[in-house]
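Each chain, letter by letter, is given below.
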Amino acid sequence: MSDRNGAGVIVVGGGVTGLSAAWWLARRGADVLLLEKGIVGWEASGRNGGGCTHPQSPLFLEEQRLWPQMDELLGYPTEWRPYRIRVALAEADFERFAPWIEMIRHNGLRAERLDPKQVLELCPLASDANLGGWFHDGGHANPQRTAQAYAWALQDLGGRILQHTMVTGFTTRGGRVTAVETSRGSFACDELVIAAGPQTGVLTALLGQEIPVTPARAEMIVTEPLPLLRHGGIDGNGLYGRQTLRGNLAYGGGLHEWLDPPAEDMRLPPRSSTPVLASLARRLVALFPKAAHARVIRSWAGFIENTPDGRPVIDRLGIYDNVVAATMSSVGFGLSPASGRAIAELVLDRTCSFADLSTLRLARFGNLGERWREERGWVPPAPASLAGPVA
Ligand SMILES: Cc1cc2nc3c(=O)[nH]c(=O)nc-3n(C[C@H](O)[C@H](O)[C@H](O)COP(=O)(O)OP(=O)(O)OC[C@H]3O[C@@H](n4cnc5c(N)ncnc54)[C@H](O)[C@@H]3O)c2cc1C
């Protein structure tokens, strides 16, 4: 389709999933238009911990294969760095790490047990009382840089991005979506990708297809810069995060504040809250006592998208044959190089050549009861409980 008020493929959502899909599509020569209600990377995609290690996913091997190449493929820096370290502060931590390590090894990748002295050699900020840990394959990257890199790389290939363009509905004909309705008018399309993070289900519901996904607010803190560690991806004490190339420790982990799915209140950036920040800072000091002097200089919150089983959805909608939907259930940053490639293949080839996506299909939720959020306790807290201390 050459109509400039439409495109061969329209991608809804300028987070890393939509951006990566659009970029992979453009690499294959597709005429792509990406529609974003705000600015690219403004939601979870620019606010996350930067972790790129998801051994539980069928896209894990592709995630690990692609990240080392991404700067070169995109032509812009993502600040990706290899390896992760997991530090144990209690014996129970080893039990928590075990399934993760098992999955990494099962995929044929590297995972080595560390004794306490080795932890201190690799991470001099760690507690002298650490019990050891693991050093394993995986990595981390800078979320803001990565989102920007996808966007520039997409535009370099002729892909178009329209920001401040809210998708409000769809026009359908003969079992296909023929146009996307937006705050800036109607855009015709041959194929459609909906990758709107926590709002994916709200949009597919307009097409008669429910996708169970619910948002939660999570937070990150950032310290002033510290001398660079040999490996910046260090987890432990319920925290995940990374040291930036400038030296800041950027960490999150812990409390999810469940929110109602309607998208209305999600148009505003979520605010960070004092009790959660205090909890993050306390746990960071316990993980890195030798960084206890470092001041917290920034914090932010973001909306994490969650499906009932914690696995992404990447699937073609049954009802409309030319629509692929993707929502990544809190693991979307790291998987984005691979998820974008998988989505592009589903659009252009109707199948994924490099991974079995059957566990990510929508059909698995066929018997889900209406009260799935309540059954999991994924309901918004009473206002008073938010003011209390956070463990
Ligand atoms: C604090 C925090 C820490 C995290 N840590 C990690 C981590 O370490 N590793 C990891 O892999 N993942 C992490 N995640 C999860 C990860 O950030 C997300 O899974 C990922 O960013 C999802 O990307 P996305 O593009 O699918 O969705 P989003 O980033 O949510 O992007 C969706 C986009 O769609 C747009 N949109 C929505 N509705 C419409 C509409 N109607 N019209 C037009 N546009 C629309 C939104 O504005 C948004 O820009 C974390 C998330 C948070 C919040």
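Just so you know, the residues in each chain are numbered from 1, in the order the chain's sequence is written. Per-residue local features of the predicted model are confined to residues with pLDDT of at least 70, and side-chain atom pairs are confined, for both listing and counting, to 80 or more; whole-chain, interface and lining totals are unaffected and use all residues. Based on all heavy atoms of the structure, the side-chain values leave hydrogens and waters out of the count.

Colleague: Let's hear about the nonpolar core: which residues, and what values?
Modeller: Here, nonpolar core means buried Ala, Val, Leu, Ile, Met, Phe, Trp, Tyr and Cys residues that are tied together by side-chain atoms lying within 4.5 Å of each other. Only protein chains enter the accessibility calculation, which uses a 1.4 Å probe. A residue is then buried if its area is under 20% of the maximum for its type, exposed if over 50%, and partly exposed in between. Counting residues in hydrophobic clusters, the biggest one holds 48 residues, and the most contacted among them are Ile314 and Leu357. Mapped onto this core, the elements with two or more residues apiece are strand E1 (6–12), helix H1 (16–27), strand E2 (32–35), helix H4 (70–74), helix H7 (143–156), strand E17 (323–327) and helix H10 (332–349). Beyond its immediate stretch of four places on either side in the chain, Ile314 contacts Leu59, Ala325, Ala326, Met328, Ser339, Ile343, Leu346, Leu357 and Leu360. One finds Phe187, Ile211, Val213 and Ala325 within the second-largest nonpolar core, a separate group that totals 25 residues. Labels follow the DSSP assignment, with helices taken as runs of H or I lasting at least four residues and strands as runs of E lasting at least two, numbered in each case from the N terminus. It only takes one pair of heavy atoms within 4.5 Å for two residues to be counted as in contact.

Colleague: Describe in detail the packing of H1 against H10, supporting the description with residues and values.
Modeller: Running from amino to carboxyl end, H1 crosses H10 at an angle of 45 degrees, the nearest separation of the two axes being 7 Å. Compared by their axis directions, H1 and H10 come out oblique. In this structure, H1 meets H10 at a crossing whose hand is right-handed. Contacts from Val16, Thr17, Ser20, Ala21, Trp24 and Leu25 in H1 reach Gly332, Phe333, Ser336, Pro337, Ser339, Gly340, Arg341, Ile343, Ala344, Val347 and Leu348 in H10. Lines are fitted to the C-alpha atoms to define the axes, a helix being fitted only along its stretch in contact, and any angle between axes, read from their N-to-C directions, falls within 0 to 180 degrees. Roughly parallel means an angle under 35 degrees; roughly antiparallel means over 145; roughly perpendicular covers 65 to 115; every other angle is labelled oblique. By convention the crossing between two helices is left-handed if the near helix lies anticlockwise of the far one by an angle smaller than a right angle, and right-handed if it lies clockwise.

Colleague: So what about the environment of Leu206? Which residues, and what values?
Modeller: Residue position: Leu206 is located in the loop between helix H8 (200–205) and strand E10 (214–223). Sequence spacing of Leu206 and Cys52 is 154 residues, and the spatial spacing of their C-alpha atoms is 32 Å. When sequence neighbours within four positions are dropped, the list of residues in contact with Leu206 reads Thr168, Gly169 and Phe170.

Colleague: Describe the UniProt feature "domain: Rhodanese" (unreviewed entry) in the protein, naming the residues involved and giving the relevant values.
Modeller: UniProt positions are given in the numbering used here, feature names are shortened, and annotations may be inferred rather than shown by experiment. Taking the UniProt record as the reference, the feature "domain: Rhodanese" (unreviewed entry) is found at residues 13–51. Taken as a whole, residues 13–51 contains 41% helix and 10% strand, while its terminal C-alpha atoms sit 21 Å from one another.

Colleague: Any chance you could break down the pattern of salt bridges for me, citing the residues and the numbers?
Modeller: Between Lys or Arg on one side and Asp or Glu on the other, a salt bridge is scored when a side-chain nitrogen of the former is within 4 Å of a carboxyl oxygen of the latter. Tallied over the entire structure, the rule returns 21 salt bridges. Among the ionic pairs, Arg110 bridges to Glu112, the shortest N-O distance being 2.9 Å. According to the relative accessible area criterion, Arg110 is partly exposed, its value standing at 34%. Salt-bridge contacts for Glu191 lead to Arg176; the nearest nitrogen and oxygen are separated by 3.6 Å.

Colleague: Go over the packing of H1 against H7, please, and point to the residues and values.
Modeller: The geometry of H1 relative to H7 is characterised by a closest axis approach of 9 Å and an angle of 30 degrees between their N-to-C directions. Between H1 and H7, the interaxial angle falls into the category roughly parallel. Relative to H7, the crossing made by H1 is left-handed. On H7, the residues touching Val16, Leu19, Ser20, Ala22, Trp23 and Ala26 of H1 are Ala147, Tyr150, Ala151, Ala153 and Leu154. Here the contact of H1 with H7 is built from residues that sort into 10 nonpolar, 1 polar and no charged. Residues were grouped as follows: Ala, Val, Leu, Ile, Met, Phe, Trp, Tyr, Cys and Pro as nonpolar; Asp, Glu, Lys and Arg as charged; and all remaining residues, including Gly, as polar.

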